Amino acid sequence: MAAQYFQSHQGVDPSLVTRSQEMLAKGYAKLTAFETTTKGYEWFGQAPGHEALSAFGLLEFTDMSRVRQVDPAMLARTREWILSTRDGKGGFRRERRALHTWIEDVDCSNAYITWALLQAGEDPKAIASEIDAVSRAARASSNSYVHALAANVLQAAGRGADAGALLGQLAQRQEAGGAVGGATASIVGSSGEALQIETTSLAALAWLRSPAHEA
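The rules behind these values
Residues numbered from 1 in each chain as written. Predicted model: local features only at pLDDT ≥ 70, side-chain atom pairs only at ≥ 80, totals over all residues. Heavy atoms only, no water. Salt bridge = Lys/Arg side-chain N within 4 Å of Asp/Glu carboxyl O. Helix = DSSP H or I, 4+ residues; strand = E, 2+ residues; numbered from the N terminus. Buried < 20%, exposed > 50% of the residue type's maximum accessible area, 1.4 Å probe, protein only. Expected span 1.5 Å × (residues − 1). Contact = heavy atoms within 4.5 Å. Core = buried A, V, L, I, M, F, W, Y, C linked by side-chain atoms within 4.5 Å. Phe/Tyr/Trp six-rings, centres within 6.5 Å; stacked < 30°, edge-to-face > 60°. Axes fitted to C-alpha atoms, helices over the stretch in contact; angles between N-to-C directions. Parallel < 35°, antiparallel > 145°, perpendicular 65-115°, else oblique. Left-handed = near helix turned anticlockwise from the far one by under 90°. Nonpolar A, V, L, I, M, F, W, Y, C, P; charged D, E, K, R; others polar.

### Notes on the pattern of salt bridges
The full count for this structure, using the stated rule, is six salt bridges. One salt bridge connects Arg159 with Asp132, and the closest N-O pair in it is separated by 2.8 Å. Remark: Asp132 occurs in helix H6 (residues 128–140) and Arg159 occurs in the loop between helix H7 (144–156) and helix H8 (160–172); sequence separation between them is 27 residues. The structure contains a network of salt bridges with shared partners spanning Asp132, Arg159 and Asp162.

### What to know about the environment of Val146
Inspection of the secondary structure assignment puts Val146 in helix H7. For Val146, a relative accessible area of 1% corresponds to the buried category. Separated by 130 residues in sequence, Val146 and Leu16 have C-alpha atoms that sit 38 Å apart.

### Thoughts on H6
With 13 residues, H6 extends 19 Å between its outermost C-alpha atoms, agreeing within 8% with the 18 Å of an ideal straight helix rising 1.5 Å per residue. Of all the positions in H6, only Glu130, Ile131, Ala133, Val134, Ser135, Ala137 and Ala138 are classed as buried. In the core, the buried residues of H6 are packed alongside helix H5 (106–119), H7 and H8.

### Some words on the side chain of Glu51
Examined against the element boundaries, Glu51 turns out to sit in helix H3 (residues 51–64). Look at Glu51 and you get buried, because its relative accessible area is 2%. Apart from the residues lying within four places of it in its own chain, the contact partners of Glu51 are Trp81, Thr85, Arg93, Arg94, Glu95, Arg96 and Ile113.

### Examining unusual backbone geometry
Omega for the bond connecting Ala47 with Pro48 falls within 30 degrees of zero, at 0 degrees, which places this linkage in the cis form. Relative to the helices and strands, Pro48 is located in the loop between helix H2 (14–32) and H3. Backbone geometry places Lys39, a non-glycine residue, at a positive phi of 80 degrees. Residue placement: Lys39 occurs in the loop between H2 and H3.

### Comments concerning the nonpolar core
A general feature of soluble globular proteins is that nonpolar side chains tend to end up buried together. Counting 51 residues, the largest nonpolar core has Phe61, Ile82, Tyr112, Leu117 and Tyr145 as its most contacted members. When near neighbours in sequence (up to four residues on either side) are disregarded, Tyr112 contacts Ala52, Ala55, Phe56, Leu59, Tyr145, Leu149 and Ile187.

### With respect to the packing of aromatic side chains
Tallying each qualifying case throughout the model produces four aromatic pairs. Note on Tyr41 and Phe61: the rings are 5.7 Å apart at their centroids and 45 degrees apart in plane angle, and the pair reads as tilted. Of this pair, Tyr41 sits in the loop between H2 and H3 while Phe61 sits in helix H3, and the two are 20 residues apart along the sequence. Three or more aromatic residues link up through ring pairs in this structure, and these residues are Tyr28, Tyr41 and Phe61.

### Re the packing of H5 against H7
Between H5 and H7, the shortest axis-to-axis distance is 9 Å and the interhelical angle comes to 30 degrees. Compared by their axis directions, H5 and H7 come out roughly parallel. Viewed along their axes, H5 and H7 form a crossing whose handedness is left-handed. For the pair H5 and H7, contact is made by Asp107, Cys108, Ala111, Tyr112, Thr114, Trp115, Leu118 and Gln119 and by Tyr145, Val146, Leu149, Asn152, Val153 and Ala156, respectively. Looking at the contact of H5 with H7 residue by residue, the classes come out as 10 nonpolar, three polar and one charged.

Take a look at the structure:
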């Protein structure tokens, strides 16, 4: 984020730019070391990969590629590995071997992974069944975190009209202070203020793409 700021603003101390690039290089080297032998990423770099954590990494590396060189082959195989975990029912398989794991709800997990794939440039047509499943899950869910993720998924898939109802529900759940209430679970198993912040952030991302809700 800092590197993106430095590239879009004038008058930045050159030493800060150099330092940020050095830190990104070190971070990139450390993060890519957690790719497993069977592809995908996992807490300790041990196969099998963790589907949602790999999706998180795909988002992070996609963002990073805007400010430094990221191996396109690594991005491609990570995306392909995530796609290989599809269960054929509109969701993604969840295999576990490590003790430390996120306590994700299945609706949160499927919606998050689908969103990550779309943000990383996946063709909506290639994951149409997963997008449809996210839409169905959101309509059946009372979790505003799922609603916010689904709204972002539908917008990224070019289905803004379908996202409209979810955006309206999120707006109705916005409290006086601005936070969005009604979240019961997230991809990382957060709770309390953290869960509310994550939900409100996802809702804001979706609202910003909707002229009817931008204000």
